[in-house]
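Letter by letter, the chains look like this.
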Amino acid sequence: MRAAVLYYPRELRIEERPEPAVGPTDVKVAVRLTGICGTDVHTYEGRYHPVGTPFPARVLGHDFVGIVAEVGDRVTSVRPGDRVTVEPSRSCGVCAACRAGAANLCAKWTHMGMTIDGCLQDYVVAPEHYVHHIPPSISDEEAATLEPVAVALHVFDARLPDRRGDETVVVIGAGPIGLATIEIAKLRGHRVIAVEIVPERLALAAQLGADEIVNPRDGDAAKRILALSGDTPNLIVETAGTSQSAQLAMDAATWYGRIIFVALTAVPQPLRALVSKEVWMTGARTGHGSYPEAIRLIAEGKVAVSEMITHRFPLTELREAFELLLARPGEAFRVAIEH
Ligand SMILES: [Zn+2]
Ligand SMILES: [Zn+2]
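Residues numbered from 1 in each chain as written. Chains lettered and ligands numbered in written order. Predicted model: local features only at pLDDT ≥ 70, side-chain atom pairs only at ≥ 80, totals over all residues. Heavy atoms only, no water.

K.L.:
Help me get a handle on the domain arrangement of the chain, residues and values and all.
P.N.:
Partitioning the chain into domains gives domain 1 (2–144), domain 2 (151–276) and domain 3 (291–338). Inter-centroid distance (C-alpha atoms) of domain 1 to domain 2 is 28 Å. Between domain 1 and domain 2, the contact holds five residues from the first and six residues from the second. Of the roughly 540 Å² buried between domain 1 and domain 2, counting both surfaces, carbon and sulfur atoms make up 52%. When the buried area of domain 1 at its contact with domain 2 is split by residue, R47, Y48 and N104 rank highest and sum to 58% of it. (Domains from an automatic or database assignment. Contact = heavy atoms within 4.5 Å. Buried area = accessible area lost by both parts, 1.4 Å probe.)

K.L.:
With reference to specific residues and values, describe the coordination of the zinc ion (ligand 1).
P.N.:
Protein-derived coordination of the zinc ion (ligand 1) comes from C37 (SG), H62 (NE2) and E147 (OE), at a distance range of 2.0 to 2.1 Å. Taken in sequence order, the residues that donate to the zinc ion (ligand 1) follow the motif C-x24-H-x84-E. Here E147 lies in helix α4 (residues 146–157) and C37 lies in the loop between β3 (26–35) and α1 (38–45), a separation of 110 residues in the sequence. Classification of C37 as buried rests on a relative accessible area of 7%. (Donors = N, O, S within 2.8 Å, 3.2 Å for Na, K, Ca; no water. Helix = DSSP H or I, 4+ residues; strand = E, 2+ residues; numbered from the N terminus. Buried < 20%, exposed > 50% of the residue type's maximum accessible area, 1.4 Å probe, protein only.)

K.L.:
Kindly report on the coordination of the zinc ion (ligand 2), identifying the contributing residues and their values.
P.N.:
The zinc ion (ligand 2) binds to the protein through C92 (SG), C95 (SG), C98 (SG) and C106 (SG), with metal-donor distances spanning 2.3 to 2.4 Å. In this structure, the zinc ion (ligand 2) is coordinated by four donor atoms arranged in tetrahedral fashion, with angles at the metal of 103 to 119°. On the primary sequence, the residues serving as donors to the zinc ion (ligand 2) are separated as C-x2-C-x2-C-x7-C. Given the relative accessible area of 12%, C98 is considered buried. (Tetrahedral: all angles 85-135°; square planar, octahedral: opposite > 155°, others 65-115°.)

Okay, structure coming up:
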């Protein structure tokens with residue numbers, strides 16, 4: 001069979017490979033149509049690849065429709081000739097995340113076209129569990145664009161702290177995932193602001209239901225989004241995947257705004273667990289409002305602070321106090337100045 005193999009960034013070769021073997025619970029699908037996703041483009045460019053590690057030869061692609069060619073002995077839900085798609089993520093089913101219903105965060109998670117070979121080849125073999133029938137009312141083109149809709153649905157299933165009903169959803173990027181997110185947000189009753197620099201995509205965003213459209217090329221996008229969001233918390237969904245779009249997400253967030261990064265490439269390397277583990281991260285600002293409780297806890301002896309004070313100095317020796325703090329941080333935690 002033919003397989004399109006990426007050997008190095010931007011170096012793709014079509015080569016002959018043996019057809020994959022079918023295990024007892026596997027389904028072999030003859031691929032008919034693949035939708036190219038942003039992830040494939042980023043992988044093709046080498047944007048996910050950690051510097052200094054060998055580049056794996058990989059077949060890209062994960063969003064496709066095909067016809068079942070062969071099934072294993074124990075497969076019952078599909079038969080040869082059925083029109084199907086295959087979910088691209090693979091999980092183990094037994095790790096703690098899988099057992100908690102978070103299979104997308106599986107300890108052994110793999111993904112077609114990223115960590116295992118994808119669908120830009122003549123045949124794909126996958127466990128039956130991941131194979132889904134495509135009804136006749138869905139065209140091949142639609143079936144090969146299913147994954148962005150699944151991703152968008154998951155955005156709204158991601159655990160958001162303190163959810164509110166009517167929030168404004170700001171979708172940055174109007175590629176397939178951004179557009180699908182706009183549609184799902186409208187279905188869920190949200191007001192949607194679409195942000196995109198390509199005018200044709202922005203027009204499509206409006207056609208698919210975005211209430212407001214913002215083109216960052218037309219001026220200060222953050223200011224415009226903040227004005228449109230009003231003085232209530234907004235939810236920002238970042239799907240564009242650039243550092244500028246990540247900055248815009250931060251700038252356009254209102255107080256208590258929430259940002260969901262969908263595009264991994266928007267997230268700086270040290271923070272990528274935000275996406276890969278769906279980590280929740282926030283900041284905390286000042287102890288405002290917490291003084292009465294702090295006083296009570298210390299008064300009741302429930303919180304100890306006197307141990308933190310290691311030195312005392314008169315005000316006249318203030319300079320020595322600062323020098324001590326700088327010179328011996330292991331010994332001087334906190335210095336009290338006597339006035
Ligand atoms: Zn995709
Ligand atoms: Zn697992």
